[in-house]
Amino acid sequence: MSERVIPLIDQRLRNTAVRIPDRPIAATGLLGDQLGRPLRDLRISVTDRCNFRCSYCMPKEIFDKDYAYLPHSSLLTFEEITRVARQFVAHGVQKLRLTGGEPLLRKNLEILIGQLAALRTPEGQPLDITLTTNGSLLARKAKALKDAGLQRVTVSLDGLDDAVFRAMNDVDFPVADVLEGIEAARAAGLGPIKVNMVVKRGTNDDQILPMARHFKGSGIVLRFIEYMDVGATNGWRMDEVLPSAEVVQRIHAELPLVQLDPSAPGETAERWGYADGSGEIGVISSVTQAFCGDCNRARLSTEGQLYLCLFATQGHDLRPLIRGGASDDELASAIAAIWQGRDDRYSQLRATLPPDATQGQRRVEMSYIGG
């Protein structure tokens, strides 16, 4: 077999050593970056594994049976994740989203959810604890997740046509099983439920209207995501991006829409309600309409790399501090210093960058840090 270089392995090795600031940075709950953006949302990857092989995320030709995933010893333990999350909450984080890979592949995830659900903001308020999943294991786990303290789920579903969906996940997984998982989540009280559909022109854009019809009036918010240029393995091409504006036009032509106000600062989705009041959709347009200006999200990889942008080329390695004896105050100060130095706004700058601007700097894979 010929030697092959897998970009994700390169990415894991490329990180910035984290230094504890000489002067402590107190956690006040009001931490801003270079552009004045507060820290409010932490997305925590709990595994780099997934049981789907979606071409836009973990294509089968790279993530094959010979692919070397992170060893279990490299993964942060639940106690380590909770400790890091506690420092982020002290700096103002109000929402924790568990991601992967596929997070429900992480054994005993309910234990972590219970630990995170016990955290409180500086004002004594509970956190918004949510999870993004492909839905394949949701039917059997929904109740236990809710009982552990999970509040909401977002389910990835790229089409209702079974042939289209099986082709998209590339492991021949049936759409009916994901729909069963969504119903189990609803029955367990994990809501409001959101369903995310990544749209690729020429691949599944014929599923836009069937998806809209199916979820209209259900209380589930369907969100359409532009196919993004994350990582280096998904073969992204601009001509496969269907702009969100066209998604809205297609739906509006049959199911009239009215634009809604954002529900929260830093929200990724632009909201559109059905004119008859029977629910809403969202569109996430990081390619054609960047929303970097109020991005308040940080991402923690499964082995302790902190990323400040979905399109980052390197992370900040927190694990040596976590496992090397740093105190909570030192860890909190290190996190604060990283966020205060943040000036990431890749999506806003994308159109102005020369073609070779990031040559040799492979961006982190979405499957590694979550979406």
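Residues numbered from 1 in each chain as written. Predicted model: local features only at pLDDT ≥ 70, side-chain atom pairs only at ≥ 80, totals over all residues. Heavy atoms only, no water.

> Give me the lowdown on the pattern of salt bridges, citing residues and values where you can.
Enumeration over the complete set of coordinates arrives at 21 salt bridges. We note a salt bridge from Asp 328 to Arg 83, for which the minimum N-O separation is 2.7 Å. Of the two residues, Asp 328 sits in helix 10 (residues 328–340) while Arg 83 sits in helix 2 (residues 78–90), which places them 245 residues apart along the sequence. By relative accessible area, which is 34% here, Asp 328 ends up partly exposed. Note on Arg 83: relative accessible area 17%, which makes it buried. Glu 246 is paired through a salt bridge with Arg 250; the nearest N and O atoms lie 3.2 Å apart. Here Arg 250 and Glu 246 lie together in helix 8 (residues 244–254), a separation of 4 residues that amounts to about one turn. (Salt bridge = Lys/Arg side-chain N within 4 Å of Asp/Glu carboxyl O. Helix = DSSP H or I, 4+ residues; strand = E, 2+ residues; numbered from the N terminus. Buried < 20%, exposed > 50% of the residue type's maximum accessible area, 1.4 Å probe, protein only.)

> Pulling in residues and values, what's your account of helix 7 (residues 208–215)?
For helix 7, the complete set of buried residues consists of Ile 208, Met 211, Ala 212 and Phe 215. Along the axis of helix 7, the buried positions cluster into a sector of 100°, meaning they face one direction only. On its buried side, helix 7 packs onto helix 6 (175–188), strand 6 (194–199), strand 7 (221–226), helix 8 and strand 9 (270–274). In the stretch just after helix 7, Gly 217 is the one whose phi turns positive, near 80°. (Arc of directions from axis to C-beta. Contact = heavy atoms within 4.5 Å.)

> Give a description of helix 3 (residues 109–117) that names residues and reports values.
Turning to helix 3, its buried residues are Leu 109, Leu 112, Ile 113 and Leu 116. Axial view of helix 3: buried residues confined to an arc of 100°, hence all on one face. Its buried side turned inward, helix 3 meets helix 2, strand 3 (95–99), strand 4 (128–133) and helix 4 (138–148).

> Could you give me a rundown of the packing of aromatic side chains, with the residues and numbers involved?
Under the criterion given, the structure shown has 4 aromatic pairs. The positively charged end of Lys 200 is found above the aromatic ring belonging to Tyr 227, 4.8 Å away from the centroid. In this structure, Lys 216 is placed above the aromatic ring of Tyr 274, and the distance from its NZ or CZ to the ring centre is 5.2 Å. (Phe/Tyr/Trp six-rings, centres within 6.5 Å; stacked < 30°, edge-to-face > 60°. Lys NZ or Arg CZ within 6 Å of the ring centre and 35° of its normal.)

> Which residues make up the side chain of His 91, and what values do they have?
Of note, His 91 is situated in the loop between helix 2 and strand 3. Given the relative accessible area of 1%, His 91 is considered buried. Within polar-contact distance, the side chain of His 91 engages the backbone oxygen of Ala 332 at 2.8 Å. Beyond its immediate stretch of four places on either side in the chain, His 91 contacts Ile 25, Ala 26, Ala 27, Gly 29, Leu 30, Leu 31, Leu 39, Arg 40, Ala 332, Ile 335 and Ala 336. (Polar contact = N/O pair within 3.5 Å; in protein donor to acceptor, adjacent residues only side chain to side chain.)

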